[in-house]
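# Descriptive structure summary
Listed below are the residues making up each chain.
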Amino acid sequence: MGIVKGLLRKMITAHGEDNSVNYSLNLDGESVLNMNELVGKEITLRFGGKKNCVNCGRNIRGKTYNDGYCYPCVTTLPQTDMCIVRPHTCHFAEGTCRDEEWGKANCFTEHILYLARSSSIKVGITRGSQVPTRWMDQGAIEAVIIGRFPDRKAVGEAEVCISSHFSDKTNWRKMLKNEVTDIPFEEYIKTAQESLPEDMKQYLVEPDKQFTFEYPVEAYPTKVTSLKFDKLPEIKETLKGIKGQYLIFDNKVLNLRAHSGYNIEVEF
Ligand SMILES: [Zn+2]
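## What to know about the sheet that holds strand β6 (residues 121–127)
With respect to topology, four strands assemble into an open sheet ordered β6-β5-β7-β8, the strand pairing being antiparallel. Across the chains shown, the open sheet's two edge strands, defined by having one partner strand only, are β6 and β8 (210–212). Pairs of neighbouring strands in the sheet enclose a mean axial angle of 30 degrees, with direction left out of account. Pairing of strand β7 (residues 142–149) with β8, which is carried by three bridges, proceeds in the antiparallel orientation. Looking across to β8, one finds that Ala-143 is bridged to Phe-211.

Given below as structure tokens:
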């Protein structure tokens, strides 16, 4: 028994050598609780109504934006600009980057192009430093790197070329129900490689390493209902598993990442 409290951020993930995904609860930016150990146990999560911006700490009365930001931050920070979601629209070259130093440090670095198996097989991109965190956040069970690009805009353009052949969004309900396609990666890899224009093929890499992820789940839901702290400030349930950034309680799930910036208390 114990209680931890603080400002919620997305869970911290670690990929074990046995491919296990290990989760820790992140409160106030720190790992405070091993969540895998709570699977199979009853836990209580409480939200007292207070939200704070994860960047500036300001009180947020209404909704939070982009995983826990206040409105002034989401409209001015470089990490919440639209070009982060749509990298091919990078506008650094036009001199309108929200923060050039941030852009240089975060966008002009190696970015990878990958395929991940979460429900269907999707194509995605991420900063090199986000491997393999990104895949665990999405609840992918397998992933493979197919390209390494010098910057975010280039990989974004590659993704646009390929994405018409793929789904680029995870169907989170299917991901949580563990309804996952078993079509082999190989044919998708070939499609992806072939849909790139010649000048981008130099960034392709041999997809030789396949990453595998095993989530701590005792029972997958058969139906999925999403819980929200704004409607239900106290959740007392037996934790059946964790996948992606979701806690699974029978047929109810809680997306912790979507509640970033909420001050919560967890009793276990
Ligand atoms: Zn803020």
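## Here's the deal with the nonpolar core
In terms of nonpolar packing, the biggest core is built from 44 residues, with Met-35, Leu-45, Trp-135 and Leu-247 touching the most fellow members. No fewer than three residues from each of domain 1 (3–68 + 217–267) and domain 2 (78–212) sit in this core. When sequence neighbours within four positions are dropped, the list of residues in contact with Trp-135 reads Ile-112, Tyr-114, Ala-116, Ala-140, Ala-143, Ile-145, Phe-211, Phe-213 and Tyr-215. Of all hydrophobic cores here, the second largest spans 18 residues; its members include Leu-115, Phe-149, Val-155 and Phe-185.

## Structural notes on the coordination of the zinc ion
Distances from the zinc ion to its protein donors, Cys-53 (SG), Cys-56 (SG), Cys-70 (SG) and Cys-73 (SG), fall at 2.3 Å. For the zinc ion, the four donor atoms are set out with angles of 104 to 112 degrees between them, so the coordination reads as tetrahedral. In primary sequence terms, the donor set of the zinc ion follows C-x2-C-x13-C-x2-C. With a gap of 14 residues between them, Cys-56 in the loop between β4 (42–51) and α1 (71–74) and Cys-70 in the loop between β4 and α1 connect regions that are remote in the sequence.

## With respect to the packing of aromatic side chains
Tallying each qualifying case throughout the model produces eleven aromatic pairs. For the ring pair Phe-149 and Tyr-203, a centre distance of 4.9 Å and an interplane angle of 45 degrees mean the geometry is tilted. Note that Phe-149 is positioned in strand β7 and Tyr-203 in the loop between α7 (185–194) and β8, a separation of 54 residues in sequence. Under the relative-accessibility criterion, Phe-149 is labelled buried at 2%. Among the aromatic residues, those joined into a cluster by ring pairs are Tyr-114, Trp-135, Phe-211 and Phe-213. Here the basic side chain of Arg-117 rests over the ring of Phe-185, its NZ or CZ set 4.7 Å away from the ring centre.

## Quick look at α7
For α7, the set of buried residues is Phe-185, Ile-189 and Ala-192. The buried residues of α7 all sit within an arc of 65 degrees when viewed along its axis, so they share a single face. The exposed residues of α7 that point more than 90 degrees off its buried face are Glu-186, Glu-187, Lys-190 and Glu-194. In this fold, the buried residues of α7 make contact with β5 (111–117), β6, β7, α5 (152–163) and β8.

## Describing α5
Because each turn of an α-helix spans 3.6 residues, side chains separated by three or four positions end up pointing in the same direction. For α5, with twelve residues, the first-to-last C-alpha span of 16 Å sits near the 16 Å given by 1.5 Å per residue. Here α5 has its buried residues at Arg-152, Ala-154, Val-155, Gly-156, Ala-158, Glu-159 and Ile-162. The inward-facing, buried residues of α5 contact α2 (82–85), β5, β6, β7 and α7. The N-cap residue of α5 is Asp-151: its side-chain oxygen and the backbone nitrogen of Lys-153 are 3.1 Å apart.

Calculation criteria
- Residues numbered from 1 in each chain as written.
- Predicted model: local features only at pLDDT ≥ 70, side-chain atom pairs only at ≥ 80, totals over all residues.
- Heavy atoms only, no water.
- Pairing = 2+ DSSP bridges.
- Helix = DSSP H or I, 4+ residues; strand = E, 2+ residues; numbered from the N terminus.
- Axes fitted to C-alpha atoms, helices over the stretch in contact; angles between N-to-C directions.
- Core = buried A, V, L, I, M, F, W, Y, C linked by side-chain atoms within 4.5 Å.
- Buried < 20%, exposed > 50% of the residue type's maximum accessible area, 1.4 Å probe, protein only.
- Domains from an automatic or database assignment.
- Contact = heavy atoms within 4.5 Å.
- Donors = N, O, S within 2.8 Å, 3.2 Å for Na, K, Ca; no water.
- Tetrahedral: all angles 85-135°; square planar, octahedral: opposite > 155°, others 65-115°.
- Phe/Tyr/Trp six-rings, centres within 6.5 Å; stacked < 30°, edge-to-face > 60°.
- Lys NZ or Arg CZ within 6 Å of the ring centre and 35° of its normal.
- Arc of directions from axis to C-beta.
- Expected span 1.5 Å × (residues − 1).
- Polar contact = N/O pair within 3.5 Å; in protein donor to acceptor, adjacent residues only side chain to side chain.

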